[in-house]
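These are the residues of each chain, in order.
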Amino acid sequence: MRDIRVGIIGFGTVGAGVVDCLLTNGELIANRTDMRPVVTRIADMDITTDRGVAVDPTLLTTDADAVVGADDIDVVVELVGGTTTAKTFILRALANGKPVVTANKALLADCGDEIFAAAEVSSADVYYEASVAGGIPIIKAMREGLVGNRITEIVGILNGTCNYILTRMEQESTSFDEVLGQAQAAGYAETPPDLDIDGIDTAHKATILASLAYGEWFGMEPLYVEGIRGLALRDIQYAANLGYRVKLLAVIKQCGADVQIRVHPTLIPHGSSLSHVHGVNNAVWVQGTPVGGTMYYGPGAGRDATASAVVADIVDVGLNLKFGSHRRVPAFRAHQGCAGVVPMADVETRYYLRLQVRNRAGVLAQIAGVLGESSISIASVHQQEIHGETAPLVILTYEAREANMQHAPVEIRELQVVSEDPVLIRIEDMP
Ligand code: HSE
């Protein structure tokens with residue numbers, strides 16, 4: 001039985017979860033793999049707070065360099081988060097020839113190419129299962145399970161906090177602000193919650209998945225990102241009446257030689273697989289050739305889900321070291337070479353358009369006229385009888401070009417018959 005000596009940097013919630021998992025299931029892992037992960041050092045700025053796990057105090061240090069360069073450590077686990085010191089620790093560990101396990105999606109999204117280049121030079125492994133979709137082994141699925149496929153589409157619910165908020169808004173008819181406040185009070189949502197609710201966290205994960213699928217490390221710059229901040233409860237309710245649920249989706253689609261990578265609130269049909277993903281769970285739909293459609297589901301956030309993914313990576317690294325097969329699965333290899341990311345203005349999709357209209361003759365004709373002039377074809381129109389001064393008018397469109405769809409509501413807003421800013425939400429008719 002060989003030991004794999006683990007050094008952890010960052011002893012917060014996830015770090016404690018990883019130690020807990022290794023203590024609780026270490027024997028099971030050893031029995032399964034004939035290799036025993038042993039934590040030999042843990043670095044954190046704060047080594048006095050009780051993390052709720054029985055760890056030998058002599059393992060604790062405030063000196064992260066005592067982890068990245070130590071002779072008695074086989075794998076460095078970076079759980080600091082952020083894009084500054086975490087990057088320094090990872091690059092130092094790689095420079096010392098140490099394999100790295102990280103959960104840091106923001107760092108990979110921003111600087112993945114630099115980190116992978118350093119790994120190439122050092123010939124050390126970089127594993128990052130916990131960076132996308134928490135406990136779902138989606139990176140392993142993409143890098144290994146689906147390696148024989150051309151990926152045509154990935155659609156994911158990749159942020160547990162947003163999915164929790166949307167689920168509660170729909171199920172309890174509660175406003176966005178109210179649910180967010182409760183989620184923060186219960187410790188589900190970060191304070192400030194911006195990275196989650198503005199879609200940035202989803203975008204970090206989307207760019208990692210797109211890069212693995214299409215062989216180019218895209219970074220964040222070419223992505224279109226829109227979050228759920230300010231999403232109105234009534235749009236969730238109108239969508240429900242029309243047979244749709246609103247989810248924050250990452251949509252990655254091959255379009256000829258190019259790829260779409262976008263993050264935004266989306267109407268999906270009630271019957272679709274992703275519409276049944278509730279609460280903090282994540283799910284990823286991946287369509288490939290020849291496999292067809294595949295779906296991955298599970299807890300997308302939290303201590304234990306993330307720890308599960310980190311421990312799986314530690315075991316992979318350990319087995320690679322044991323059999324002398326490091327870099328057996330490359331962290332990332334540029335391969336297919338996409339021509340580019342489709343500019344959002346050129347994306348074609350369906351739309352939900354909600355207008356608040358006055359009770360006047362010719363309202364529909366005026367609005368239909370603007371849409372028609374913008375080559376936007378109406379699929380259905382929904383309006384109840386207007387009893388007061390104004391009422392909502394909901395229009396679902398057939399596929400239209402985003403640039404047209406952005407322009408038409410601006411013109412519509414100028415009509416005297418429209419009393420509020422139009423609301424536009426994209427639709428994905430997925431299985
Ligand atoms: N904040 C993330 C979420 C978890 O709510 O899904 C870490 O990526």
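Each value, and the rule that gives it
Residues numbered from 1 in each chain as written. Predicted model: local features only at pLDDT ≥ 70, side-chain atom pairs only at ≥ 80, totals over all residues. Heavy atoms only, no water. Helix = DSSP H or I, 4+ residues; strand = E, 2+ residues; numbered from the N terminus. Rg over C-alpha atoms; globule rule 2.2 N^0.38 Å. Buried < 20%, exposed > 50% of the residue type's maximum accessible area, 1.4 Å probe, protein only. Contact = heavy atoms within 4.5 Å. Areas by Shrake-Rupley, 256 points an atom, 1.4 Å probe, with all protein chains shown as cover. Lys, Arg positive; Asp, Glu negative; His and termini not counted. Charge placed at Lys NZ, Arg CZ, Asp CG, Glu CD. Core = buried A, V, L, I, M, F, W, Y, C linked by side-chain atoms within 4.5 Å. Pairing = 2+ DSSP bridges. Axes fitted to C-alpha atoms, helices over the stretch in contact; angles between N-to-C directions. Polar contact = N/O pair within 3.5 Å; in protein donor to acceptor, adjacent residues only side chain to side chain. Phe/Tyr/Trp six-rings, centres within 6.5 Å; stacked < 30°, edge-to-face > 60°. Lys NZ or Arg CZ within 6 Å of the ring centre and 35° of its normal. Domains from an automatic or database assignment. Buried area = accessible area lost by both parts, 1.4 Å probe. Salt bridge = Lys/Arg side-chain N within 4 Å of Asp/Glu carboxyl O. Nonpolar A, V, L, I, M, F, W, Y, C, P; charged D, E, K, R; others polar.

In terms of helices and strands, the chain carries 13 helices and 18 strands. Radius of gyration (C-alpha) of the chain: 24 Å, near the 22 Å computed for a compact globule of 431 residues. Dimensions of the chain, computed from C-alpha atoms along their principal axes, come out at roughly 80 × 45 × 35 Å. Going through the 431 residues of the chain one by one, you find that 54% of them count as buried. The contacts of the chain with a sequence gap of at least 6 include a subset with a gap of at least 24, amounting to 74%. Surface exposure of the chain reaches about 17600 Å², of which carbon and sulfur atoms provide 50%. Where the 33 positive side-chain charges of the chain centre and where its 52 negative ones centre are 3 Å apart.

Before going further, it helps to spend a moment on the nonpolar core. In terms of nonpolar packing, the biggest core is built from 82 residues, with Tyr128, Ile138, Met142 and Leu209 touching the most fellow members. Per-element tally for this core: the top contributor is helix H9 (residues 200-214), with 8 residues. Ignoring sequence-local partners within four residues, the contact set of Met142 consists of Val147, Ile151, Ile154, Leu209, Leu212, Ala213 and Val286. If you look at the next biggest cluster of nonpolar residues, it comprises 32 residues, including Val39, Ala307, Val311 and Ile314.

Further remarks concern the sheet that holds strand S2 (residues 35-43). Read from one edge to the other, the open sheet built from 6 strands follows the order S3-S2-S1-S4-S5-S6, with strand pairing classed as parallel. Sheet topology places strand S3 (60-61) and strand S6 (126-127) at the edges, where each strand pairs with a single neighbour. Note: strand S1 (residues 2-9) against strand S4 (residues 75-78), 4 bridges, orientation parallel. From the neighbouring strand, Gly7 faces S4, where its bridge partner is Val76. With respect to the sheet, helix H1 (residues 13-33) is in contact with S1 and S2, its orientation differing from that of S2 by roughly 160°.

Turning next to the side chain of Arg143. Along the chain, Arg143 turns up in helix H5 (residues 138-145). Among the polar contacts listed, one links the side chain of Arg143 to the backbone oxygen of Ala331, at a separation of 2.9 Å. Ignoring any residue separated from it by four or fewer positions in sequence, one finds Arg143 in contact with Val126, Tyr127, Tyr128, Leu212, Val329, Pro330 and Ala331.

Take the packing of aromatic side chains next. According to the stated counting rule, one finds 4 aromatic pairs in the structure shown. Look at Phe116 and Trp217: their rings are 4.8 Å apart centre to centre, the planes differ by 85°, and that puts the pair in the edge-to-face class. Residue Phe116 is located in helix H4 (residues 105-122), and its partner Trp217 is located in the loop between H9 and strand S8 (224-225); the two are separated by 101 residues in the primary sequence. Three or more aromatic residues joined by ring pairs form one cluster here, namely Phe116, Tyr128, Trp217 and Phe332. Stacked on the ring of Tyr128, the Lys or Arg Arg143 has its end atom at 5.0 Å from the ring centre.

Attention now moves to the domain arrangement of the chain. Assigned domains of the chain: these are domain 1 (2-134 + 303-322), domain 2 (143-297) and domain 3 (344-427). Measuring from the centre of the C-alpha atoms in domain 2 to the corresponding centre in domain 3 gives 25 Å. Listed by partner, the interface residues are 16 residues for domain 2 and 17 residues for domain 3. Here domain 2 and domain 3 share an interface that buries about 1400 Å² over both sides, 61% of which is from carbon and sulfur atoms. Of all residues in domain 2, Asp235, Leu242 and Leu267 bury the most surface against domain 3, accounting for 34% of the area lost on that side. Summed over the shared surface of domain 2 and domain 3, the result is 3 salt bridges. Linking Glu420 and Arg234 is a salt bridge whose minimum nitrogen-to-oxygen distance equals 3.2 Å. Inspection of the domain 2/domain 3 interface yields 7 residue pairs in polar contact (both at pLDDT 80 or more). Of all the secondary-structure elements, those providing two or more residues to the side of domain 2 that touches domain 3 are helix H10 (233-241) and strand S10 (258-269). Considering each element in turn, the side of domain 2 that touches domain 3 owes the most residues, 6 residues, to S10. Across the side of domain 2 that touches domain 3, the residue classes tally to 9 nonpolar, 3 polar and 4 charged.

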